[in-house]
Amino acid sequence: MKLKKNLSYIDLGLVHALLYLSLEHNNLLHIPEKLTTYRVGTGISTYSEVIDYSKFLENKNKIVCLFNRILEDFRYLGSLITSCKQCKKEIQRTILFLELYLSAENEVFKCSYKAQLPSLNSLFFSSIRYYFDGTITVKDLYNVAKGVLAQLILGRKKVSERRSKKGY
């Protein structure tokens, strides 16, 4: 019943929550009352199918808003996982990359809810700590450093714009 109550606080990341909590408790969890299906967008499942750039940006806006909510789910999930160390590390890694991604995208896209994000300095120093404790690889550390520096040098809006143009 406690797990069921905890899962009620998960907004969209229920599939991940069930996976990590199952690993945490060494047991497969089945809670039939909670559905794990959700949709984003207009039915277009990949960017490559979008011909109009404004439609591409509209779909990306929906994804950015979704990621803000998923970030909160992962933060909450991280507080629930205590004994599965590898699960905790994977959750921390996911949070780090979502925060880095959203630090630029939230400057451009409008969402009804935006997660509170740490400063770029904090992201950088967290990545160093995560590298030394084995949460992220050296390649991850390089990617975070590159992402932080790009936002500091070019600005967050320019980084978001470049990501959009590259993804389109």
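The rules behind the values
Per-chain numbering applies: the sequence of each chain, read as written, is numbered from 1 onward. The predicted nature of this model means local features are confined to residues of pLDDT at least 70 and side-chain atom pairs, given and counted, to a pLDDT of 80 or more, with totals for whole chains, interfaces and linings taken over all residues. Side-chain metrics in this entry use all non-hydrogen atoms of the structure; hydrogen atoms and water are not considered. A helix here means a DSSP run of H or I that spans at least four residues, while a strand means a run of E at least two residues long, and both kinds are numbered starting from the N terminus. Each residue after the first adds 1.5 Å to the expected span of a helix. When accessible area is computed with a 1.4 Å probe and restricted to protein chains, residues below 20% of their type maximum are described as buried, those above 50% as exposed, and intermediate ones as partly exposed. The arc in question is the one traced by the directions running from the helix axis out to the C-beta atoms. In protein, a polar contact requires one atom able to donate a hydrogen and another able to accept it; more generally it is a pair of N or O atoms within 3.5 Å, and residues adjacent in sequence count only if both atoms are side-chain atoms. The criterion used for residue contact is that any of the two residues' heavy atoms lie within 4.5 Å. The salt bridge criterion pairs a side-chain nitrogen of Lys or Arg with a carboxyl oxygen of Asp or Glu, the two atoms within 4 Å. As used here, the term nonpolar core means buried Ala, Val, Leu, Ile, Met, Phe, Trp, Tyr and Cys residues forming a set that is joined through side-chain atoms within 4.5 Å. Working definition: a ring pair exists when centres of Phe, Tyr or Trp rings (six-membered ring for Trp) sit within 6.5 Å. Plane angles under 30 degrees give stacked, over 60 give edge-to-face, the rest tilted.

1. Things to note about helix H6 (residues 138–154)
Piece 1. The terminal C-alpha atoms of H6, which comprises 17 residues, lie 24 Å apart, in line with the 24 Å expected from a rise of 1.5 Å per residue.
Piece 2. Among the residues of H6, those classed as buried are Asp140, Leu141, Val144, Ala145, Gly147, Val148 and Gln151. All buried residues of H6 fall inside an arc of 160° around its axis, so they share one side. Counted as exposed and oriented over 90 degrees from the buried face of H6: Val138, Lys139, Tyr142 and Ile153.
Piece 3. Two residues or fewer past H6, Gly155 is found with a positive phi of approximately 100°.

2. Quick look at the side chain of Ser127
Piece 1. In this fold, Ser127 is placed in helix H5 (residues 120–132).
Piece 2. Relative accessible area serves as the criterion here: at 0%, Ser127 is assigned to the buried category.
Piece 3. A distance of 2.5 Å separates a polar atom in the side chain of Ser127 from the backbone oxygen of Phe124.
Piece 4. If sequence neighbours within four positions are ignored, Ser127 has contacts with Leu96, Ile136, Leu141 and Val144.

3. Here's the deal with the pattern of salt bridges
Piece 1. Evaluation of the coordinates by the stated rule reveals 9 salt bridges.
Piece 2. For Lys60, the salt bridge is made with Glu105, and the minimal N-O distance between the two is 3.2 Å. Of this pair, Lys60 sits in helix H3 (residues 53–80) while Glu105 sits in helix H4 (residues 85–105); the two residues are 45 residues apart in sequence, bridging distant segments of the chain.
Piece 3. Its relative accessible area of 0% is what places Glu105 among the buried residues.
Piece 4. Taken together, the shared-partner salt bridges connect Lys60, Glu105 and Arg163 into one network.

4. Re the nonpolar core
Piece 1. In terms of nonpolar packing, the biggest core is built from 26 residues, with Tyr20, Phe74, Leu77, Ile81 and Ile91 touching the most fellow members.
Piece 2. For this core, the elements supplying multiple residues, two or more each, are helix H2 (14–24), H3 and H4.
Piece 3. Ranked by residues supplied to this core, first place goes to H3 with 8 residues.
Piece 4. Not counting chain neighbours up to four residues away, the residues in contact with Ile81 comprise Tyr20, Leu21, Glu24, Cys87, Lys88 and Ile91.

5. Some thoughts on the environment of Val148
Piece 1. Among the secondary structure elements, Val148 is positioned in helix H6.
Piece 2. You can call Val148 buried: its relative accessible area is 4%.
Piece 3. For the pair Val148 and Ala104, spaced 44 residues apart in the sequence, the C-alpha separation amounts to 9.5 Å.

6. Considering the packing of aromatic side chains
Piece 1. By the definition in use, this model includes 4 aromatic pairs.
Piece 2. Measuring from centroid to centroid gives 5.6 Å for Phe67 and Tyr101, while their planes differ by 65°, and the two rings are edge-to-face. Of this pair, Phe67 sits in helix H3 while Tyr101 sits in helix H4, and the two are 34 residues apart along the sequence.

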